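Chain and residue survey
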There are 2 protein chains.
Amino acid sequence: MPAVPADSFSAESVAATIDAAAARITPYLRVTPLECSPFLSRPGGPEAFLKLENYQLTQSFKARGAFNALLSLDASERARGVVTSSTGNHANAMAHALALLGIAGEIWVPATISAAKRAQLEARGARLRLLEGDPGRVEVAAREEAQRSDRVYVSPYNDAAVIAGQGTIAREILTALPECDEILVPVGGGGLISGIAAWVRARAPRVRVTGVLPANSPVISESVRAGRLLEIPWTESLSDATVGWAEPGTITFPMCRDWVDDWLLVSEAEIRAAIRLLVGMHSMLVEGAGALATAALCANPGRFAGRRVALVVSGARIPPYVLAGILASQD
Amino acid sequence: MPAVPADSFSAESVAATIDAAAARITPYLRVTPLECSPFLSRPGGPEAFLKLENYQLTQSFKARGAFNALLSLDASERARGVVTSSTGNHANAMAHALALLGIAGEIWVPATISAAKRAQLEARGARLRLLEGDPGRVEVAAREEAQRSDRVYVSPYNDAAVIAGQGTIAREILTALPECDEILVPVGGGGLISGIAAWVRARAPRVRVTGVLPANSPVISESVRAGRLLEIPWTESLSDATVGWAEPGTITFPMCRDWVDDWLLVSEAEIRAAIRLLVGMHSMLVEGAGALATAALCANPGRFAGRRVALVVSGARIPPYVLAGILASQD
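Summary of the structure given here. (Residues numbered from 1 in each chain as written. Chains lettered and ligands numbered in written order. Predicted model: local features only at pLDDT ≥ 70, side-chain atom pairs only at ≥ 80, totals over all residues. Heavy atoms only, no water.)

Mapping chain B onto chain A calls for a rotation angle of 180 degrees and an axial translation of 0.0 Å; the resulting RMSD is 0.0 Å. Such a turn and shift between the copies fits a two-fold axis. No C-alpha of chain B lies nearer the rotation axis than that of Ala324(B), which sits 2.2 Å from it. Same-surface contact between copies: 100% of interface residues of chain B are shared with the interface of chain A. (Least-squares fit on C-alpha atoms with pLDDT ≥ 70 in both. Contact = heavy atoms within 4.5 Å.)

Time to look at helix H13 (residues 320-328) of chain A. Residues of H13(A) that are buried: Leu323(A), Ala324(A), Ile326(A) and Leu327(A). Viewed along the axis of H13(A), the buried residues span an arc of 165 degrees, placing them on a single side of the element. Those residues of H13(A) that are exposed and angled more than 90 degrees off the buried face are Tyr321(A) and Ala328(A). Turning to H13(A), the residues buried within the fold contact helix H11 (268-280) of chain A together with helix H11 (268-280) and helix H13 (320-328) of chain B. (Buried < 20%, exposed > 50% of the residue type's maximum accessible area, 1.4 Å probe, protein only. Helix = DSSP H or I, 4+ residues; strand = E, 2+ residues; numbered from the N terminus. Arc of directions from axis to C-beta.)

For the rest of this paragraph, the subject is unusual backbone geometry. Residue and element names in this part refer to chain B. Positive phi is not limited to glycine here, since Thr58 has a value of about 60 degrees. Summarising the element assignment, Thr58 is placed in the loop between strand S2 (47-52) and helix H2 (62-71). A positive phi angle, near 50 degrees, is found at Ser283, a position not held by glycine. Along the chain, Ser283 turns up in the loop between H11 and helix H12 (292-299).

Residues and elements named next belong to chain A. Structurally, Pro110 is set in strand S4 (residues 105-110). The spacing of Pro110 and Arg137 is 27 residues in sequence and 8.8 Å in space, taken between C-alpha atoms. Residues contacting Pro110, with those up to four places away along its chain left out, are Thr87, Leu131, Gly133, Pro135 and Val138.

The next point concerns the environment of Val209(A). All names here are of chain A. You can see Val209 is positioned in strand S8 (residues 208-214). According to the relative accessible area criterion, Val209 is buried, its value standing at 1%. Along the sequence, Val209 and Ile193 sit 16 residues apart, while their C-alpha atoms lie 8.1 Å from each other. Ignoring any residue separated from it by four or fewer positions in sequence, one finds Val209 in contact with Ile183, Val185, Ile193, Ile196, Ala197, Val200, Val260, Asp261 and Asp262.

Written as structure tokens, this is what we have:
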């Protein structure tokens, strides 16, 4: 667990860690394009810009947090190695960063992981530990094992260094588009939006930060409404990277509560339509979570009229059979 | 037609136009990543690097040539506007560059163009002229119209400025990976490989340049073998951007003949497998032509053992229904 109580963070202090992270990780990562979309922009409507984290190294924003967490280790922590858990983008980002930096690390994954995902991680040189049970249980067990063996645990979102890495996206958006009015951000555990909202609150407070979640799993937005982290029911979503409960006590909860301006939910049909638009018109691959911001823009045309909106396209890793189904469907 | 006879070009003179093009176009374009592929590399086998022109602005390398051609116009040519023809990547690149630079231009396209392609071009602000007949006939008619109306015609490949723009890819590859042994390049009309081969021959002659074509349409490679530009039979291919005859007298023919080291052909099944690998493992979109180099690497494992090979992933624009079919098939 983080040493500093979450509620004692200020946006200014987190923004300072983000500025430091940018200097630390930039040599290892891509400054991804912010691409104006002629297909989502129109006169009188929004002017839409895609922040292409699907073009980031390992094809998602998670590479930012992974590199910042590993580059922030002291010599002794680095020598002992790390433990992490994830089946998706964070695992790929960690596997890549561990191999590149020559740090030992174990990635704990559910035993139900697909053969393709496993092959992908192993090709990146990952040392996997397969565990029975759901992803939440694997996360808890991995953290316990890290404590037992005196190694650092790198959470996919509940980690100050990971949040600082993800927040570097806000710096890049506002550098490329200082006149940006609003940033739409996909939200799962809240690591990405916590970093972005902290930096914007401290450095560009005129800009709105809006979280987008699948209506099937609005855990963080409902928790913010309730004023406490809830374990509400959720169902599967095409945006599989953003479903499920957040870890109890996650430092992302007070950040989301205090610094995020608004929340939007999108349906599965809206996510499918956004994926089809990004593949068909923009010729780029996105996963469900990567299409959330685009889906929210398309579903709320009036809300964004006359505004310059940056849409965080968070990642590209969509299983081919899922993509084939979406492209073949017409709803 | 170009003023300078093609055969009088030297690799050195073309390389100089490429260096000048790089300075001219870099502010408008992306230096695309050269990404090491853990999925295509193995000990004792090749070390493979993807040159990600599918991440280029307008999602293909064609943006390089389009910007160089337009930025090379003199004031009078610029004021008169240009004519071009293409249904695909060159048209999108020209539409984007014309709008950004504020130059008038007509894009001639076959009347059979799909509604989706048309919508995509019109969203980029393109002024289209629809013409009955096949793409070759549209190309000839567009060039005639340009001459009649005293405007510059910008060919997708048979144009010295376009070739110089495409050649900037070689500079970027060798800057990122000076120890590169070989570059695999998709070949249609030959504009891309002519630029790359010229620059390599003049500036890094140790590096091999190999052209890859669909076995269904090996027009340029068979022409090089015959010593003259042939109009041989060809059939459709998933690599639709590289099929068909090259324009009679194209300046790319002697460049391909004199500067390209080798040629490889790939089957439609090999192209499908390469698309599935790039989508499934690398989580990136590619069109058929964009998968040719990867297909050639996978189809000839022994040939590349111990070599550092750069694969030019030329573009991403694949129709969604075509992609869905490939992802659903298993061959």
